[in-house]
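# Working through the structure, step by step
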Amino acid sequence: MTAVDTTTDLVSRSYERTRRTLETVRARLRRPLTYAEKTLLGHLEDPIGADLRPRTGYIRLLPDRVAMQDATAQMALLQFMQAGQERVSVPTTVHCDHLILARDGAGPDLKGALEGNREVFEFLATASAKYGIGFWKPGAGIIHQVVLENYAFPGGLMIGTDSHTPNAGGLGMFASGVGGADAVDVMAGFPWEVPYPGLIGVRLTGKPFGWTSPKDVILRLCGILTVKGGTNRVLEYFGPGAAELSCTGKGTITNMGAELGATTSIFPYDARMAAYLRNTDRGPLADLADQNRDLLTADPEVEKEPERFFDRIVEIDLGALQPHVVGPHTPDLARTVFELAAAVEGEGYPDRIRYALIGSCTNSSYEDMGRAADVAAQAADRGMRMAVPLLVTPGSEQIRATIERDGQMAALERVGATVLANACGPCIGQWKRDDIQEGERNSIVSSFNRNFPRRNDGNPTTLSFLTSPEIVVAYGLAGRLSFDPLRDSLEAPDGTRFTLTPPRPAPDFPERGFVRDLEGYRPPAADPATVRVMVRAGSERLQILKPFEVWDGKDFVELPLLLKATGKCTTDHISPAGHWLRFRGHLDRISDNMFLGAVNAFTGQAGKGLNQATGNRDAPFAQIARDYKKRGLRWVVVGDESYGEGSSREHAAMSPRFLGCASVVARSFARIHESNLKKQGVLPLTFAHPEDYDKVEEGDRISLLNLAALSPGKEVRGRIHHADGTAEEFLAEHGLNQEQIGWFRAGSALNAMKK
């Protein structure tokens, strides 16, 4: 055992600290607590002095763990190396799951990734070994599945440099996605500072049956709350229906809470979680949880009178819930399979499905694979094969080896499935397609969690629809979106027609136990002095960071407008993934992708705009920014609603900062991205009057004034200078506290830490 593991000692100390802290919290609040409140407030750094008013300020927390995936860990570790620390202060792991390109199948894809990313993997492995971090090798599995199998525990607090870190909420953990700079703070022994979230209660009743799956709960909720509905809120599930869902099924639901902008999503501890712990060789942790059950569930009054404790309550009857599909292009366009079938012609969606994909961190558990294999077996028994290619991504080597032993993999392969590496693959754009041309409109169905344009294959006109694994297989057998798996029939090779029956309930875990992965993990070095972190001189993949310049104390006066974004401007739009993942450790190189997907409000074109210095109206935004930087000019971005929603990638803040961004002024921000901007010394502002967004015109310059007097809660005065010589005033709000204002003045949070 190492300091990396979730030991009984670690969990016991966490529960003891939570219990002591909650005594103070209860004395101050004088009311019952929800489960999310117990877990969140139980990790307060200062329960006596903390401001306990939700959605009014910040709280400082002491996480139990940190988890990082390979694409974001590069920049996080490069920053940690500048922090002057010898070892991480909390148990931390790195998981290599993003840099494996899906093309030919698990074996050749993994081999190609090891060869093509050797220096990055060597850097991550040596940095992990030196700084006391557990390292999971390429092919070991997707971060969130591996964390659920090995590290998550009820009542714990974890942050992770991936937006789907809340997956661990399925095991009762308060797990939140953050940028790398937040992770660096915690690894260096500082608290995690986060806006104190409000609470949305989701009451589950009934019992799912037939085709209905846990995925349908979160797809339905996405349709109800929309991508903005969970911002700076925690989704807390409760009610009798919660106990009807497996631990991994709960994880599917909490994983996709990220699509709502939620700080996290969480389920209370129950028997299904205890069974999962015991069946993943963590029986002593289940015993500890059983002994501390009062910490791991809401107080009884919450269930009786939930309206007293939640800002909003959503009711979902699992027994009445129908199978859902969301998309295209956004996760909150939710419909039942019946409604989608009817919408295909009316919306002009390409009816022909080109690919069916199952897996990802959202749906790659033993239970998921079992239900998908059941549907596949029904077709195989009638001699059928998939009408379209079926790609399968196991969540971990433990899952892959177990479904190979128990037959689910064989059932999927009988209908033509290609099993990919235990990695993210197409879900995060690591997919080499050769069946379409750029700009060709086409439809795909998957069990993934995100479906923004370009997300999966880099093609802006791919229509991505998200649903459960079993429904994906059904669609893939039919080969068309207008197929209703619940009502329509399929034709077997012998000409007979049949209707698929709902998959049988699949077990949460295998009767013979999981096949443990004994090769995928590498512990940190016993003697870190013997380890040299590998960063090759002249590398185009890795670059040692230099500190950002300190604010000069002056106002931002008549800075050129680089971009006015319209509509969705997610982190995928700001800093696309796909083949750009190879440069995630090289800030200069990856900055060439800045705003490639952002839609110019003046032209409707993505990725290009006006260079005010040269008059060129068709230049890539990164190229314009580099030109401004050479001229000594900083610049401003204007954003629309929920600017920066999506992934936790801090490159979407670091690249703008590196190329000269002074401020982003938006109608509203997604939580993680706003935090990332603050950490990197970019001033995030929101229009006090959202309609002022409409005042901004092409060719404008923007001034932000009296910045020396910047203080918490005080509006910033702005001025828009139009090309015709006229000017308009506006007011902007900000969410910076005094410490965060210090980051801005120091040039970045890392600069402030090193003082």
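Scroll up to find the structure this text is about.
Position labels on residues start from 1 in each chain and follow its written sequence. Residue-level local features of this predicted model are given only where pLDDT is at least 70; pairs of side-chain atoms are given and counted only at 80 or more, and the full residue set underlies all totals for whole chains, interfaces and linings. The basis for every side-chain value is the complete set of heavy atoms in the structure, and neither hydrogens nor water enter the calculation.

Turning next to the pairing of strand β8 (residues 198–205). A simple rule labels every residue: compare its accessible area, found with a 1.4 Å probe on the protein chains alone, to the largest value its type can have, and call it buried under 20%, exposed over 50%, or partly exposed in between. We count a stretch as a helix when DSSP gives it H or I for four or more residues in a row; a strand needs E for two or more, and each element gets its number in order from the N terminus. Counting buried positions over the 8 residues of β8 gives 7, a clear majority of the element. Pairing of β8 with strand β9 (residues 233–238), which is carried by 6 bridges, proceeds in the parallel orientation. Within β9, the position partnered with R203 by the bridge is F238. If the strands point away from the viewer and the path from the first strand over the helix to the second runs clockwise, then the crossover is right-handed. Following the backbone out of β8, through helix α8 (residues 214–225) and into the adjacent parallel β9, one traces a crossover that is right-handed. Whether two strands pair comes down to DSSP finding at least two bridges between them.

Put simply, side chains in a regular strand alternate between the two faces of the sheet. With 7 of 9 residues buried, strand β22 (residues 556–564) lies mostly within the body of the structure. When β22 meets strand β28 (residues 701–705), the two strands line up antiparallel, connected through 3 bridges. Each bridged residue has a counterpart across the sheet, and for P560 the counterpart in β28 is R701.

Time to look at the nonpolar core. The set of buried Ala, Val, Leu, Ile, Met, Phe, Trp, Tyr and Cys residues whose side-chain atoms join them within 4.5 Å is what this entry labels a nonpolar core. In this structure, M68, L124, M187, L204, L221, Y237 and I316 are the most contacted members of the largest nonpolar core, which totals 133 residues. Core analysis: the second largest hydrophobic core is formed by 46 residues, A379, M386, A492 and L500 among them.

The next subject is the sheet that holds β9. Where strands meet in a sheet, backbone hydrogen bonds hold them as pairs that are either parallel or antiparallel. If you trace the 4 strands from one edge of the open sheet to the other, you get β10-β9-β8-β11, paired in parallel fashion. On the outer flanks of this sheet lie β10 (264–266) and β11 (312–317), each paired with one strand and no other. On average, each strand axis in the sheet is inclined to that of its neighbour by 20°, with strand direction left out of account. Across 3 bridges, the pairing between β9 and β10 is parallel. Axis lines are fitted through C-alpha atoms, for helices just across the contact stretch, and the angle between N-to-C directions can take any value from 0 to 180 degrees.

Cis peptide bonds are those with omega within 30 degrees of zero, and the linkage from G327 to P328 qualifies with 5°. Inspection of the secondary structure assignment puts P328 in the loop between β12 (324–326) and β13 (334–336). In this structure, S642 is a non-glycine residue whose phi angle is positive, near 50°. Here S642 is to be found in the loop between β25 (635–639) and α21 (651–658). A positive phi angle, close to 60°, is found at N706, a residue other than glycine. Locating N706 in the fold gives a position in the loop between β28 and β29 (716–721).

Salt bridge, as applied in this entry: a Lys or Arg side-chain nitrogen positioned within 4 Å of an Asp or Glu carboxyl oxygen. In the structure shown here, the tally under the stated rule is 53 salt bridges. Between E193 and R60 there is a salt bridge whose closest N-O contact spans 4.0 Å. Here E193, found in strand β7 (residues 192–195), pairs with R60, found in strand β1 (residues 58–61); they are 133 residues apart in sequence, far enough to count as distant. By relative accessible area, E193 is classed as buried at 14%. A network of salt bridges, in which partner residues are shared, links R354, R433, D435, E440 and D457.

Right, let's get into the packing of aromatic side chains. For Phe, Tyr and Trp, where Trp contributes only its six-membered ring, two rings pair if their centres lie within 6.5 Å, and the inter-plane angle classes them as stacked under 30 degrees, edge-to-face over 60, or tilted in between. By the definition in use, this model includes 15 aromatic pairs. Ring geometry for F238 and F310: centres 5.4 Å apart, planes at 10°, overall stacked. Taken together, the residues span a long stretch of sequence, with F238 in strand β9 and F310 in the loop between α12 (300–304) and β11 at a distance of 72 residues. Pair check on accessibility: F238 and F310 agree, each one buried. Among the aromatic residues, those joined into a ring-pair cluster are W136, Y151 and Y521. Here, a charge over a ring means that NZ of Lys or CZ of Arg falls within 6 Å of the ring centre while also lying within 35 degrees of the ring normal. One cation-aromatic arrangement involves R382 over F498; the distance from NZ or CZ to the ring centre is 4.2 Å. Cation over ring: K564 sits above Y693, and NZ or CZ is 4.3 Å from the ring centre.

Helix α11 (residues 283–291) packs onto helix α10 (residues 271–279) with a crossing angle of 155° between their chain directions and a minimal axis gap of 7 Å. Taken together, the axes of α10 and α11 are roughly antiparallel relative to one another. Of the residues in α11, those touching α10 at A274, L277 and R278 are G283, L285, A286, D287 and D290. Here the residues of the contact of α10 with α11 sort into 4 nonpolar, 1 polar and 3 charged. When an angle is under 35 degrees it counts as roughly parallel; over 145 it counts as roughly antiparallel; between 65 and 115 it counts as roughly perpendicular; any other value is oblique. Residues count as neighbours in contact if any of their non-hydrogen atoms are within 4.5 Å of one another. The residue classification treats Ala, Val, Leu, Ile, Met, Phe, Trp, Tyr, Cys and Pro as nonpolar and Asp, Glu, Lys and Arg as charged. All others, Gly included, are polar.

A large share of helix α17 (residues 469–478) lies buried, amounting to 9 of its 10 residues. Among the residues making up α17, those that are buried are P469, E470, I471, V472, V473, A474, Y475, G476 and L477. Two residues or fewer after α17 comes G479, characterised by a positive phi angle close to 80°.

Turning to the side chain of N611, a few remarks are in order. When you line up the elements, N611 lands in the loop between β23 (608–609) and β24 (619–620). The buried category is assigned to N611, whose relative accessible area is 5%. Under the rule applied, a polar contact is a pair of N or O atoms within 3.5 Å (in protein, one hydrogen donor and one hydrogen acceptor; residues adjacent in sequence only if both atoms are side-chain atoms). Reaching out from N611, the side chain makes a polar contact with the side chain of D627 at a distance of 3.1 Å. Excluding its chain neighbours within four sequence positions, the residues that come into contact with N611 are N616, I624, D627 and Y628.

It is worth spelling out the sheet that holds strand β6 (residues 174–177) at this point. The 6 strands are arranged β6-β5-β2-β3-β4-β21 in an open sheet whose pairing can be described as mixed. Of all strands in the sheet, those with a lone pairing partner are β6 and β21 (521–522), marking the two edges. In this structure, strand β2 (residues 65–69) lies alongside strand β3 (residues 92–95), joined through 4 bridges in parallel fashion. Counted as the bridge partner of M68 is V94 from β3. This element, helix α5 (residues 118–131), spans β3, β4 (134–136) and β21 of the sheet and lies at about 155° to β4.

Attention now goes to the environment of G189. Counting through the fold element by element, G189 comes out in the loop between α7 (180–187) and β7. Expressed as a C-alpha distance, the spacing of G189 and D5, which sit 184 residues apart in the sequence, is 18 Å.

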